[in-house]
Amino acid sequence: MEAKVTLNTSFNTGQIDSRIFSGFLEHLGRSIYGGVYDPGNDLSNEDGIRTDVAEDMAGMNMPCVRYPGGNFVSNYDWRDGVGSERKPFPDFAWKTTEPNTFGTDEFMKWCKLVGTEPMMAVNLGTLGPAEAAALVEYCNLDTDTRWAQARRDNGSDKPHSVKMWCLGNEMDGPWQAGHMPAEQYALKARNAARLMRGLDPSIELIAAGSSGRHMATYLEWDRTVLETCWDDIEFISAHRYSTNAASNTPEFLAEGVVIDSILNDYAGLTAYVKGVKKSSHNVYVSFDEWNVWYKERGGVTQDGQWETGPALIEEVYNLEDALVCAQYMNSFIRRADLVKVACLAQLVNVIAAVLTRPDGTLKQSIYYPFALYSKNATGTSLTPVIDCPTYDAGERGEVNFIDASASFDEHTGDVSLFLVNRSVDQDVRVILDFSDRNVIGAGAVQVMTGEDPKLANTWEQPENVVPSTGFSSLENGVLTIDVPKLGMAVASGITTE
Ligand code: AHR
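Note that the coordinates shown come from a computational prediction; the quantities given were computed from them, not determined experimentally.

Definitions and limits used
Residues numbered from 1 in each chain as written. Predicted model: local features only at pLDDT ≥ 70, side-chain atom pairs only at ≥ 80, totals over all residues. Heavy atoms only, no water. 1 Å grid on protein atoms, 1.4 Å probe; cavity = no way out; pocket = protein on both sides within 12 Å on 5 of 7 lines; lining within 4 Å. Points joined across faces, edges and corners; volume = space filled by probe spheres on them. Helix = DSSP H or I, 4+ residues; strand = E, 2+ residues; numbered from the N terminus. Nonpolar A, V, L, I, M, F, W, Y, C, P; charged D, E, K, R; others polar. Domains from an automatic or database assignment. Near = heavy atom within 4 Å. Polar contact = N/O pair within 3.5 Å; in protein donor to acceptor, adjacent residues only side chain to side chain. Areas by Shrake-Rupley, 256 points an atom, 1.4 Å probe, with all protein chains shown as cover. Sits in = over half its atoms within 2 Å of the grid points. Buried < 20%, exposed > 50% of the residue type's maximum accessible area, 1.4 Å probe, protein only. Pairing = 2+ DSSP bridges.

Right, let's talk about the layout of surface pockets for a bit. Reported here for the largest pocket is a volume of approximately 600 Å³. What lines the largest pocket is a set of 28 residues, among which Ser-211, His-214, Tyr-241, Trp-293 and Arg-297 lie closest to the centre. Of all the elements in the fold, those that place two or more residues in the lining of the largest pocket are strand S10 (235-242) and helix H8 (255-277). Counting residues per element, the lining of the largest pocket draws most heavily on S10, at 3 residues. When grouped by side-chain class, the residues that make up the lining of the largest pocket number 11 nonpolar, 10 polar and 7 charged. What the second largest pocket holds in volume is close to 180 Å³. Taken together, 14 residues make up the lining of the second largest pocket; nearest its centre are Asp-260, Arg-334, Ile-386, Asn-400 and Asp-403. For the lining of the second largest pocket, the elements supplying multiple residues, two or more each, are H8, strand S18 (398-400) and strand S19 (402-408). Here the residues of the lining of the second largest pocket are counted per class, giving 6 nonpolar, 3 polar and 5 charged. Composition of the lining of the second largest pocket by domain shows at least three residues from each of domain 1 (2-9 + 381-496) and domain 2 (17-376).

In the vicinity of the ligand, the contacting residues are Phe-24, Glu-26, Gly-70, Asn-71, Trp-94, Asn-169, Glu-170, Tyr-241, Glu-289, Trp-293, Gln-346 and Ile-351. One nitrogen or oxygen atom from the side chain of Glu-26 is found 2.6 Å from an oxygen atom belonging to the ligand. Side-chain polar atom of Gln-346 to an oxygen atom of the ligand: 2.9 Å apart, as the coordinates give it. Calculation on the ligand without its partners gives an accessible area of 280 Å², and the protein chains cover 96% of this total. With respect to the pocket detection grid, the ligand is positioned in the largest pocket. Looking at the shell around the ligand, its residues break down into 5 nonpolar, 4 polar and 3 charged.

Right, let's talk about empty space enclosed by the protein for a bit. In this structure the tally under the stated criterion is 3 cavities of 30 Å³ or more. What the largest cavity holds in volume is close to 90 Å³. Trp-78, Ala-121, Val-122, Asn-123 and Leu-135 are, among the 13 residues lining the largest cavity, the residues nearest its centre. Residue classes in the lining of the largest cavity are distributed as 10 nonpolar, 2 polar and 1 charged. Reported here for the second largest cavity is a volume of approximately 70 Å³. Contributing to the lining of the second largest cavity are 13 residues, with Gly-29, Tyr-33, Thr-96, Glu-98 and Gly-309 lying nearest its centre. Here the lining of the second largest cavity takes 3 residues from strand S6 (residues 96-98), the largest share from any one element. Residue composition of the lining of the second largest cavity, grouped by class: 5 nonpolar, 5 polar and 3 charged.

For S19, a buried count of 7 out of 7 residues is recorded, marking the element as mostly surrounded by other parts of the structure. Relative to S19, strand S15 (residues 380-382) is paired through 3 bridges, and the arrangement is antiparallel. When the bridges of S19 are listed, Thr-380 appears paired with Phe-408. With 7 bridges connecting them, S19 and strand S20 (residues 414-421) associate as antiparallel partners. Bridge assignment links Phe-408 to a residue of S20, and that residue is Val-415. Here S19 hands over to S20 after 5 residues, with Gly-413 in that stretch at a positive phi of 80 degrees.

Everything listed here is a matter of coordinates, which is why it stays silent on function.
Right under this line is the structure:
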């Protein structure tokens, strides 16, 4: 099969914000305890941080990592996780015993080691604006005041300088500690935003949007929050976990259609509120939880039985999941004008890119597209016009076999193309038609593919689903890239003039 992708540098959605390649780490299951933090393990450093895990995380090239939750944050008192007096507490969200031995300061050390920036969520469930502001004081102020002094006493002389702050998590969900109606949350979030920014005007704030399109209050919740908080926030959050519970690969591989429609919803909603308010301020989308998650969900998979670091929701990721993850990133890149932050949920053991054992790590299939995209999608997002055959994807309609995004570095003239082939049985040769530039160098292509959509990496066979070198050719100025069936290709370093 053949497809044509047309690019023109004038047809773009602006600068790609590197923060769309951020991650998420929650106190959940073996994510922290037995995951990133494992004192006494030979692979851990003097702070108890697993260095092999940190190395894998560094390979993902994440500008920010969101922490400490998720549902966990809505009944978490950050003051229990700092200083020398650390007492365990029962975590409401996942029914585990939280030992509090890893807290804010440990997370800051971890971020430094990994080479990423912290993105902190505050508890607006069972705590409120005052405690949130105290955490901003603890992290960001250099004053001679109680919490800034406490940070110094706890060993961090310099402020942690946390820029991004989430105002609670999924407060629209009845499962959330402190769940409340939209009007109530909006007022609480606005009060918290004002107190927090009053202490540090340089911070950026993310209001908790709807926890998903499945919610009855989807968009109505967000509208209320935006109307109340518009001038006090920079972002509204969006969350989605994709499912192939029906085991219908062609339909699952059309997931990008749904991701695009969610982004369209938020583009419309933010434009509407901005228009109603006649505002010159913009509020962007922080898609701060996204992934595939359906195999290990509900019931016992989410009940920690009051253990510390139990194995919860340890989803095994396969090839088709990785191809859906690539489509999330294509959608975020294409909507560079709207999506400025996005966090893969999650990173370690729990619905994770990396699994751990006491003696090592295993990179799951979804690790690889993330690392390829985060390293190569820089510069301006070019809007690809795709001309290719389509297929019937059930409720998702007639869908292109090829999903694509592209980035362009104005300084070097280099282009990267990110391509997913949704066909389960046909390779696609993509012809690049660059209408306002000449392609002078083919660059390199990495592909990921396999015969079986359910193929996953295992401890015994860790390289079942990994990238390999792909094929492209440049003849008479025409670049073609082969995208294997059930596969993706990242063509980088394409040089143009
Ligand atoms: O990422 C797992 C959970 O999914 C998070 O804690 C919550 O925010 C979402 O429902």
